[in-house]
Structures are given as C-alpha cells and as structure tokens.
Amino acid sequence: MSLPYVLPGSPSPARIRRLALLLLALVVGAPGVAAQLTPEQVASLQTVTSAVVHPEGDQVAFTLSVPRTPQEDTVPGLRALSELWVVDAEGGDPRLVVGRPLSASAPAWSPDGTRLAFLHRGQVYTVPASGAGEASAHPEPLTDAPGGVMAFRWSPDGAYLAY
C-alpha cells in the first residue's frame, strides 16, 4: 500500500479539515436553518465555489458566488457574480479582495504568497495580497489572450503563467 505524497510545508489533513469547517461556517453562518426554503431564499443563496490555501498556510482565498441585484440582472440566465475573499486560516473576519462590478474565479496564490491571481472575463488578473480589500488593490490584467484563458498556473518561481 502506498501513501499519497505530501509536499514539504503542505498543510496537514487536520488543518485542511479545520479550514473546510471554517469555510462552511462562513457560508452557513446562521445557527438555525429553516426546514424549507422559499423561492426568494433560494434566489439569494451564496455559496463558496473554490478555495485555495496560502503557500505558508496562514490564509485562505475563496470565491463566493452571489446573486446579481435586479439592476444587474438585465439578461435572462446571466450567472451570479463571484467575489474573491481572503480570511485568516485561524478564523476572523474575511476581507473582500474583488467585488462588484468585477467577478473573479479560479483564484491562485503566487508561489511567494505576495499576489493573488484570478480569472475575470476569460483573462488572468492579479492583485497584491497585502492590499486585499484596499482601494489601492486595483486588479491588473496579466493576459490578453485572443481566445481567452480557461485555466492557468504560476511557474514555481512566480515569473510566468502557463495557460
């Protein structure tokens, strides 16, 4: 029987379970959940769609799918917005990194943990991790791919992106 390979410095399974429970608590939030949801409640549900642990294991970046407001829902069937948040791995208040009018998906920490990259409208953008939630943390585009970007990865040294 072979055991799965764990990279040095990777978070332990116990820490990953704690982070998963923390994210679940952020989504559920309310101590009592009604047995039956109304259509309005279903339409306003927010869900965590992805989460990535900081290279040092002390923070978690996650995307939160939020419904569009009636003013934003101008095209039938338009998907929900996806906000990018960061929270300390030990708990605390999450910090908004990317919100309306932008939508972020597929977050990825740079290998050195100083930047967060994400997909927006088929291109890769980045924000400084230290400026998360501040006005100075305006996302900057990293790609301008004519066919768009479906997925990407940082190079081990953080100098390049593969997509």
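Refer to the structure above for everything that follows.
Residues numbered from 1 in each chain as written. Predicted model: local features only at pLDDT ≥ 70, side-chain atom pairs only at ≥ 80, totals over all residues. Heavy atoms only, no water.

(A) Region of the structure containing the overall build of the protein chain. The secondary structure content of the protein chain amounts to two helices and ten strands. For the protein chain, the N- to C-terminal ordering of α and β elements is α-α-β-β-β-β-β-β-β-β-β-β. For the protein chain, buried positions account for 31% of its 163 residues. Of the contacts made within the protein chain by residues no fewer than 6 positions apart, 37% connect residues no fewer than 24 positions apart. (Helix = DSSP H or I, 4+ residues; strand = E, 2+ residues; numbered from the N terminus. Buried < 20%, exposed > 50% of the residue type's maximum accessible area, 1.4 Å probe, protein only. Contact = heavy atoms within 4.5 Å.)

(B) A look at the sheet that holds strand E6 (residues 115-120). Spatially, four strands are ordered E5-E6-E7-E8 in an open sheet, and the strand pairing comes out antiparallel. The sheet terminates laterally at strand E5 (105-109) and strand E8 (140-141), the two strands that pair on one side only. By the bridge criterion, three bridges tie E5 to E6 in an arrangement that is antiparallel. For serine 105, the partnering residue across the bridge sits in E6 and is leucine 119. (Pairing = 2+ DSSP bridges.)

(C) Expanded view of the packing of aromatic side chains. In total, this model carries one aromatic pair according to the counting rule given. Ring geometry for phenylalanine 118 versus tyrosine 125: centroids 6.1 Å apart, planes at 20 degrees, classification stacked. By relative accessible area, phenylalanine 118 is classed as buried at 0%. (Phe/Tyr/Trp six-rings, centres within 6.5 Å; stacked < 30°, edge-to-face > 60°.)

(D) Broad picture of the side chain of histidine 120. Tracing the backbone shows histidine 120 in strand E6. We classify histidine 120 as buried; its relative accessible area is 8%. At a separation of 2.8 Å, a polar atom in the side chain of histidine 120 contacts the main-chain carbonyl oxygen of serine 103. Residues within four places of histidine 120 in sequence aside, it is in contact with Leu102, Ser103 and Tyr125. (Polar contact = N/O pair within 3.5 Å; in protein donor to acceptor, adjacent residues only side chain to side chain.)

(E) Layout of the pairing of strand E4 (residues 95-98). The pairing of strand E3 (residues 81-88) with E4 spans three bridges and is antiparallel. Among the inter-strand pairings, valine 86 is bridged to a residue of E4, identified as arginine 95. Counted along the chain from E3 to the antiparallel partner E4, the turn is six residues long, and its residue glycine 91 has a positive phi close to 115 degrees.

(F) Spotlight on a nonpolar patch on the surface. A cluster of nonpolar side chains, contributed by Leu37, Val42 and Leu45, occupies part of the molecular surface with about 260 Å² of accessible area. The topology assignment puts valine 42 in helix H2 (residues 39-43). Overall, the relative accessible area of 45% leaves valine 42 in the partly exposed class. (Patch = residues over 30% accessible without salt bridge, like charges linked within 9 Å, V, L, I, M, F, W, Y side chains within 5 Å. Areas by Shrake-Rupley, 256 points an atom, 1.4 Å probe, with all protein chains shown as cover. Salt bridge = Lys/Arg side-chain N within 4 Å of Asp/Glu carboxyl O.)

That is the geometry; function is a separate question.
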